[in-house]
Amino acid sequence: MVLIKRIFAALITCCASLPLFAGWGDVNMTPGVNALSREIFDLHMTIFWICVVIGALVLGFMVYLIVAFRKKEGDKPAQFDDHPVLEMTWTVLFAVILAVMAIPATFTMIRAYDDAEGDINILITGHQWKWQYEYLEDEVSFFSNLSTDLDQRNNIAPKSDNYLLEVDEPLVIPTNKRIRFLITANDVIHSWWVPDFAVKQDAIPGFINTAWTQVDEEGIFRGQCTELCGQYHGYMPVVVKAVSPEDYELWVNEKKEAKIQQALLTEKLWSTEELYEIGEGVYQTNCVACHQVNGEGLPPVFPALAGSDLVLNDKAKQIEILMEGVQGAAMQSYAEQLSEVDIAAVITYTRKAWGNDASGDGEIVIPKEILDYKNNKL
Amino acid sequence: MSAVIDSHSDDHHHGPAKGITRWLYTTNHKDIGTLYLWFSFLMLFLGGAMAMVIRAELFEPGSQIVSPEFYNQMLTNHGLIMVFGAVMPAFVGLANWIIPMQIGAPDMALPRMNNLSFWILPVAFGILISTFFMEGGGPNFGWTFYAPLSTTYAPPTVTFFIFAVHIMGASSIMGSINIITTILNMRAPGMTFMKMPLFTWTWLITAYLLIAVMPVLAGAVTMMLMDIHFGTSFFNAAGGGDPVLFQHVFWFFGHPEVYIMILPAFGIVSHIIETFSRKPIFGYTSMVYAIASIAILSFIVWAHHMFTVGMPIAGELFFMYTTMLIAIPTGVKVFNWLSTMFKGSISFETPMLFSIAFVALFTIGGLSGLMLAIAPADFQYHDTYFVVAHFHYVLVPGAIFGIIAGVYYWLPKWTGNMYDEVLGKTHFWMSFISVNITFFPMHFVGLAGMPRRIPDYALQFADFNMVISIGAFIFGLTQLLFLFIILKSIFAGKQATSEVWEGAKGLEWTVASPAPYHTFETPPEVK
Amino acid sequence: MKAATKTNLKLVSLVLGMFCFGFALVPIYDVFCEITGLNGKVSGPTITEYDDNFNSREIKILFVTKNNENMAWNFTSEKRILDAETGTAYTVDYTFENPTDYPMVAQAIPSVSPGKGAQYFHKTECFCFEEQLLQPGEKLTMPVRFIIDPDLPDDVPVLTLGYTLFDISESHIKLQASN
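The sections below set out a description of the structure shown in this document. The numbers attached to residues start from 1 for each chain and follow its sequence in the written order. Lettering of chains starts at A and numbering of ligands starts at 1, both following the order in which they are written. With pLDDT at 70 or above as the cut-off, local features in this predicted model cover only qualifying residues; side-chain atom pairs require 80 or more to be listed or tallied, and sums for whole chains, interfaces and linings still use all residues.

Per the secondary structure count, chain B includes 17 helices and zero strands. To get the radius of gyration, use the C-alpha atoms; to get the globule rule, take the number of residues to the power 0.38 and multiply by 2.2 Å. For 527 residues, the compact-globule estimate of 2.2 N^0.38 gives 24 Å, and the C-alpha radius of gyration of chain B, at 23 Å, lies within 12% of that figure. Reported as C-alpha extents along the three principal axes, the dimensions of chain B are approximately 60 × 50 × 45 Å. Put simply, chain B has 527 residues, and 65% of those count as buried. A pair of residues counts as a contact when their C-beta atoms, built from backbone coordinates, are within 7 Å of each other. In chain B, the proportion of contacts linking residues at least 24 apart, taken out of those at least 6 apart, comes to 83%. The secondary structure listing takes helices from DSSP runs of H or I that are at least 4 residues long and strands from runs of E that are at least 2 residues long, numbered from the N terminus. Partly exposed residues are those whose C-beta has more than 12 but fewer than 20 other C-beta atoms within 10 Å; 20 or more makes a residue buried and 12 or fewer makes it exposed, with C-beta atoms placed from the backbone.

Encoded structure:
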């Protein structure tokens with residue numbers, strides 16, 4: 001019954017919004033927040049109205065034909081079968097209309113392909129299924145994961161406003177600065193899209209594409225990956241936060257400070273509970289996609305962690321897998337993506353959760369061990 | 001020419017064999033046409049069932065009935081099955097039935113190869129579908145199977161997928177060779193090229209397109225196979241290859257393929273509009289040239305599918321201009337159809353209804369295609385539901401309505417009975433309304449920013465997606481009515497005359513209804 | 001029948017021809033990319049000489065290093081940004097380190113963007129021209145020497161030289177086994 005009500009509500013909203021264009025943003029392209037996106041929006045509206053007019057004329061003429069020339073008693077259909085002048089005329093007419101559309105499109109295209117220098121260069125890397133952002137000038141680097149939790153996706157918890165369009169760490173950019181994006185990928189092809197910037201550029205492994213934007217107003221802008229990149233293609237949103245240049249400076253310094261703080265944290269004495277708690281969060285964001293909430297995985301591609309001999313008894317190997325990834329498998333290296341604390345915590349979590357505590361050696365991993373591993377490598 | 005007829009003289013005077021062997025060993029163009037049509041109908045329901053799964057998953061935000069992985073398998077196989085299993089075999093089936101009768105030939109030029117080209121199709125799709133029951137599941141990388149998702153990152157069953165694509169390609173190539181050879185060599189005396197019926201014309205050009213591009217597809221999947229199993233690096237950047245190269249090779253096949261799926265429908269619709277307007281087709285010559293120029297242009301527009309891969313601006317502009325040019329011959333065709341109706345005496349039987357809907361809705365699909373051709377605007381449209389709306393408008397109310405119209409038009413010739421007109425009209429109105437409920441809102445969600453190929457979506461797309469799903473369910477169910485109408489006309493219905501439709505022109509309307517097992521054993525004279 | 005056979009032969013050769021054309025697209029594409037700089041592909045080592053009276057101008061060069069997939073090496077460039085001049089030779093050092101306990105083979109794939117600048121990026125020496133084999137724990141520093149062509153169009157003020165490091169140990173083992 002609730003469902004039927006919802007269906008009716010949906011139908012009514014849609015019917016109502018069509019003629020009135022009440023929710024213009026729900027049915028049309030966004031004009032976006034910079035000069036280029038507005039120009040593309042105007043271009044879109046121009047060709048849209050040209051197409052609407054052509055469509056209306058053709059469909060209107062069809063209706064006239066259907067009404068005026070329906071079969072009547074004793075009528076004699078005409079027998080002409082061509083009219084060269086008329087045919088030439090409309091061929092030329094089509095060409096003219098196309099030229100009218102092509103000219104502004106060409107100019108917009110040229111403006112979109114501007115290779116001018118950027119104030120800030122950001123390297124964007126698509127990973128299955130998250131984005132990595134590296135600020136080339138400021139040496140800040142982080143990963144951006146979907147933060148919508150599984151309960152919402154599985155319809156257990158109510159869905160938040162930005163369902164599937166929210167991340168743990170957005171890309172932060174300053175307003176009124178020219179931002180240049182260098183876009184590449186780590187595994188398969190992804191595509192980085194923020195509708196408000198009119199930037200959509202494929203991220204291709206081994207190649208670097210460029211795009212740019214300049215945002216006039218502060219705000220949060222959301223987009224998604226637009227190239228099928230495997231199982232969780234629908235779950236790697238893009239969130240960009242535009243802040244004032246001053247706030248941006250603050251943010252960069254904070255990020256740098258946090259890096260130092262993070263290093264200090266490895267020296268701290270950690271309790272099992274603390275690690276378990278952090279680890280659970282890390283696991284929810286980074287691991288559940290493949291290894292599942294219950295740790296059962298999706299064999300044969302994604303192995304189970306619950307009851308796995310490796311997780312139960314081989315701490316050293318487990319650290320190595322987290323740090324280096326598994327060659328030829330979906331498991332990637334988390335050495336760069338997660339902090340020492342997070343890695344230690346998530347390993348601890350997997351060794352304690354789902355009854356692993358009882359059946360394995362139950363040893364925990366502290367951040368220091370991860371740091372030692374890193375240092376030994378060097 | 002006479003030798004062709006002689007080679008059949010052994011089965012001249014008896015009808016079809018009895019039982020299953022009739023279908024397994026048949027070399028009769030009508031039998032093979034029937035087989036193709038039933039096969040494509042079966043595939044339509046299979047691909048349609050997958051579409052229903054997709055729409056059920058997208059009915060509401062949140063995970064509904066399938067996992068994201070299975071969802072990807074559904075959307076991949078929905079695409080593959082509809083393109084290679086439903087639309088293409090349906091056109092080949094119509095070609096088999098109708099072309100020999102339209103040109104006054106006794107059969108296809110290569111009847112044994114005809115049998116083979118059909119019977120390898122079920123094998124190909126059997127292999128494709130069997131991958132669902134193997135470890136790793138079916139293909140899950142989209143019907144466009146972009147590398148490296150379809151190579152390094154593919155499920156192990158990709159090898160079976162490649163094998164299946166090879167067989168489908170071989171079938172299409174054999175079918176096309178057969179059709180071209182038949183049309184070029186077996187026309188009745190007096191039937192010059194410019195007297196050929198338009199359906200035959202469209203198929204002649206389509207067959208050339210198929211012969212030109214199916215081998216390229218075969219090459220592409222062969223390169224994939226070598227990358228996966230033999231250590232080559234065609235599409236692998238590590239070895240000096242390039243994943244973007246795959247897209248170029250694929251779309252060099254893929255874009256002509258799009259026209260392969262629509263050109264024969266142009267032919268069908270031309271016949272039907274002419275018949276039911278009781279007026280000769282307007283601008284026959286310009287129709288032929290328009291089809292030919294669409295076919296030629298289709299080879300130089302492929303990269304408009306790849307505006308966002310990072311092409312140099314010269315490339316973007318070149319492909320934008322060439323793509324826009326296609327609008328000219330397409331517009332000519334639409335205006336020719338309208339001019340055919342002008343001052344006619346139009347009646348609205350089911351085939352005509354579907355044809356009029358074809359012209360109207362294909363125009364919408366064509367106009368959204370024109371919008372997509374504008375490269376800078378495509379940065380926003382690319383890979384959103386706007387694209388999904390566009391190609392479904394040209395393929396469902398385009399290609400599939402064309403096929404349905406053709407089936408209603410020629411059904412009395414095949415079965416000897418008229419179909420049930422009331423049910424036919426019901427089928428039309430249900431399909432027409434639901435197809436628009438399904439695909440029109442996709443324009444809106446696409447423009448508002450919903451990417452394609454996602455199993456779950458943000459809340460602002462929820463209302464439209466529910467409407468789309470409801471439309472899709474109605475459209476799906478309606479096609480069961482089509483099955484019933486066809487079955488009914490096979491077993492019962494008003495006896496059809498040879499002419500079937502008042503004033504229908506063409507050699508196929510000079511033979512009895514149902515068409516005898518062998519027709520035009522002596523070539524007719526065309527004036 | 002003869003006419004039909006002729007048609008068939010023609011069509012079959014067309015099919016074979018198009019199949020070969022599919023493969024021919026690979027070299028055609030490579031040539032096309034080199035001419036147009038599509039995808040930022042850059043050719044092998046080049047030796048360039050200029051007249052003394054070229055106009056040099058300032059240009060910014062960004063250096064990007066990426067590891068593909070699970071590639072475990074540490075791969076870094078000496079600097080990330082260089083203010084350079086066209087027509088002058090520069091050297092930038094890259095460091096490779098194999099932290100694993102087994103020997104590995106890697107191939108670095110270069111990409112220059114924007115694509116239209118790629119053909120003006122002349123590398124006289126580059127580690128990317130060959131594969132790198134590193135023993136466990138081995139560390140190696142290798143240079144890239146390059147000159148930016150003074151003919152570089154004025155609307156390209158920044159060039160990005162990206163390297164993606166691919167692990168090709170596996171295919172290397174395969175090749176060795178087959179030899």
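Residues and elements named next belong to chain C. Here five strands make up an open sheet; going across it, the order is β3-β1-β9-β5-β7 and the pairing mixed. The outermost strands of the open sheet, each flanked by one partner alone, are β3 (81–85) and β7 (132–134). Adjacent strand axes in the sheet meet at a mean angle of 30°, parallel and antiparallel pairs treated alike. Whether two strands pair comes down to DSSP finding at least two bridges between them. In the sheet, strand β5 (residues 104–113) pairs with β7 via three bridges, with the strands oriented antiparallel. Axes here mean lines fitted to C-alpha atoms, for a helix over just the part in contact, with angles spanning 0 to 180 degrees between N-to-C directions.

Attention shifts here to the interface of chain B and chain C. Taken together, the contact pairs 29 residues of chain B with 31 residues of chain C. At seven residues, helix α7 (residues 198–229) of chain B tops the list of elements feeding residues into the side of chain B that touches chain C. When grouped by side-chain class, the residues that make up the side of chain B that touches chain C number 22 nonpolar, six polar and one charged. By the convention adopted, Pro, Cys, Tyr, Trp, Phe, Met, Ile, Leu, Val and Ala count as nonpolar, Lys, Arg, Asp and Glu as charged, and the other residues, Gly among them, as polar.

One key point about sheets: their strands pair by backbone hydrogen bonds, in either a parallel or an antiparallel sense. Residue and element names in this part refer to chain A. Read across the open sheet, the five strands follow the order β3-β2-β1-β5-β8; overall the sheet is mixed. Unpaired on one side and paired on the other, β3 (140–144) and β8 (209–213) mark the two borders of the sheet. In this sheet, neighbouring strand axes are inclined to one another by 20° on average, regardless of whether the strands run parallel or antiparallel. Bridge analysis of strand β1 (residues 120–127) against strand β5 (residues 179–185) gives seven bridges, and the strand direction is parallel. Bridge pairing in β5 places I122 opposite F181.

Let us now look at helix α10 (residues 284–297) of chain B. Residues and elements named next belong to chain B. End to end, α10 covers 20 Å across 14 residues, agreeing with the expected 20 Å (1.5 Å per residue, within 8%). Of the residues making up α10, those classed as buried are Y284, M287, A290, I291, I294 and A295. Seen end-on, α10 carries its buried residues on one side only, within an arc spanning 130°. In the core, the buried residues of α10 are packed alongside α7, α8 (243–260), α9 (263–277) and α12 (327–341). The span one expects for a helix is its residue count, reduced by one, times 1.5 Å. In this description, one arc is meant: the one made by directions from the helix axis to the C-beta atoms.

Before going further, it helps to spend a moment on the packing of helix α15 (residues 385–415) of chain B against helix α17 (residues 462–491) of chain B. Angle between the axes and distance between the axes are the two parameters that describe a pair of packed helices. All names here are of chain B. Put simply, α15 and α17 touch, their axes get as near as 10 Å, and they point 15° apart. In terms of orientation, α15 and α17 fall into the roughly parallel class. Relative to α17, the crossing made by α15 is right-handed. The residues of α17 that touch α15, namely those facing I404, L411 and T415, are F482, I486, S489 and I490. Of the residues contributing to the contact of α15 with α17, the split by class is five nonpolar, two polar and no charged. Here is the rule for angles: anything less than 35 degrees is roughly parallel, anything more than 145 is roughly antiparallel, 65 through 115 is roughly perpendicular, and the remaining ranges are oblique. Should the near helix be turned anticlockwise from the far one by less than a right angle, the crossing is termed left-handed; should it be turned clockwise, right-handed.

Right, let's talk about the nonpolar core for a bit. By size, the foremost hydrophobic cluster in this structure holds 302 residues, and its most contacted members are I124 of chain A together with V87, A220, V269, F358, I374 and A405 of chain B. When sequence neighbours within four positions are dropped, the list of residues in contact with F358 of chain B reads A265, V269, P397, G398, F401, G402 and A405 of chain B. Note on terminology: a nonpolar core is a set of buried residues of type Ala, Val, Leu, Ile, Met, Phe, Trp, Tyr or Cys, with members joined through C-beta atoms within 7 Å. Grouped together as the second largest cluster of nonpolar side chains are 20 residues, Y283, C287, I343 and V346 of chain A included.

We now examine the interface of chain B and chain A. Taken together, the contact between chain B and chain A spans 84 residues of the former and 81 residues of the latter. Of the residues contributing to the side of chain B that touches chain A, the split by class is 55 nonpolar, 19 polar and 10 charged.

Residues and elements named next belong to chain A. Counting buried residues along strand β10 (residues 237–243), five of its seven residues qualify, which places the element largely inside the surrounding structure. Relative to β10, strand β4 (residues 171–174) runs parallel, the two being bridged by four bridges. In the strand pairing of β10, V172 is matched with K241. Relative to β10, strand β9 (residues 219–225) runs antiparallel, the two sharing six bridges. Paired with G223 across the two strands is V238, which belongs to β10.

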